[in-house]
Structures are given as C-alpha cells and as structure tokens.
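Below, each chain spelled out in residue letters.
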Amino acid sequence: MSESQTSSCCELSNLYRRYASVVHSRCASILKSEDEAWDATQEVFMKLSRSLPSIKSKNAIFSWLMSVSTNHCISQLRKRRLEEFNEAIHFSNPALPPQEKRFVMKELFERFMMPWDKKVREVLFYTYIDGYKQHEIAKLTGLGESTIRKYLTRFRRACGEAKVNPREVI
C-alpha cells in the first residue's frame, strides 16, 4: 500500500470509530431493523471511502454521513415497500391492530413524502423521525432556519389539504 492509501485507510478507520454508532442509530431509527441498520451503516462507510478524497472540508463529514445515511435508508425502505406490499393490510378491516396501523400510516407518510425534493425530505425526517428542533436541523443541513420553516410549512399545508396529521403518521 502506498503512503496515501495507508493514510486514507487510517482516516476512514478513525471516522468509523467516531461515527459508526451515530450512523447506525440513524439507520436503525429509519429502518426499524438492527440487521438492516448494520448493513446500511457498512454501505454508508463504503460510500464514504469512495467519496472521502472529494470531501473538501473535514468538518462537513458528519453532515455528509447523516445525509447519505438518510438517503440510503429511504432507498432501502422504498425497495422494501415494493417487496413487502401486502394487499390484505390495505384493503381489510379498518380496525387494524396497532402494529399494522403504524405500518400503513408510515407507508402513507413515505408515499406522501416522495414527491418532495431531497432536501425537504431530509428536513422532514430530521423533524418527524428524529425529533430535532429547527436550529439543530439548520446546523446539520447547512440550511437557514427560515428555509426549514418554509419547507415544514409547505409540508404541513399539503398534509392539511389531504387531511393528514404528519405527527399521527409517524
């Protein structure tokens, strides 16, 4: 191995030790599966190893990891939804057990979210899945708080028009 490859490998190893648990927690909160969360964590760090040379500011790595892990998990959910679609859940007795109701409501939220821009979806996940405050989201995403408020207002307005409460969906 060359000196630059050794240096890059050590840097990646240090970043993994520092951020793997945070990335895993993020993935687990979205995917609701420990095994899938660990797989996703590994995938995110593989993406980091390929992208590390192009990341100009090392201070941006945490935000990069959060953004990539969110997007990767959303993609995983989308794939899972296509694989796991169960028609009986959607067209059966309206008095669903709580676990099935949560699944249906979460799927509704995901489908309702998908038309939105990637940055808006990221803000929605930070708000409704992770429970972050607007100023925390601003630090994580680099967006201004007014932009975050604008995204949330538009989303809530769209939910109101569809008579959906975003908090009940999650």
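Since this is a predicted model, take the numbers as computed values, not measurements. Counting starts from 1 at the beginning of each chain's written sequence and moves along it residue by residue. In keeping with the predicted nature of the model, local features appear solely for residues at pLDDT of at least 70, side-chain atom pairs appear and are counted solely at 80 or more, and the whole-chain, interface and lining totals rest on all residues. Excluded from the side-chain calculation are hydrogens and water; included are all heavy atoms of the structure.

1. Brief notes about the overall build of the protein chain
In this text, helices come from DSSP runs of H or I with a minimum length of four residues, and strands from runs of E with a minimum of two, each type numbered from the N-terminal end. When helices and strands are counted, the protein chain shows 9 helices and 0 strands. Listing each helix as α and each strand as β along the protein chain from the N terminus yields α-α-α-α-α-α-α-α-α. Only protein chains enter the accessibility calculation, which uses a 1.4 Å probe; a residue whose area is less than 20% of its type maximum is buried, one above 50% is exposed, and one in between is partly exposed. Out of the 170 residues in the protein chain, the part that is buried amounts to 36%. Only heavy atoms matter for contacts: two residues are in contact if any of them lie within 4.5 Å across the pair. Counting only contacts in the protein chain whose residues sit at least 6 apart along the sequence, the fraction spanning at least 24 positions is 62%. Here the protein chain displays about 10,200 Å² of accessible surface, and carbon together with sulfur accounts for 52% of that area. What sets the accessible areas is the Shrake-Rupley method with a 1.4 Å probe; for residues, cover comes only from the shown protein chains.

2. Here we look at the pattern of salt bridges
Every case where a carboxyl oxygen of Asp or Glu lies within 4 Å of a side-chain nitrogen of Lys or Arg is listed as a salt bridge. Counting across every chain of the model gives 2 salt bridges. Put simply, E122 and K119 hold a salt bridge, and the shortest N to O gap is 3.4 Å. With E122 and K119 both in helix α6 (residues 118-129) and 3 residues apart, this pair spans about one turn of that helix. Take E122: its relative accessible area is 4%, and that puts it in the buried class. We note a salt bridge from R149 to E145, for which the minimum N-O separation is 4.0 Å.

Interpretation in functional terms is not warranted from these geometric data alone.
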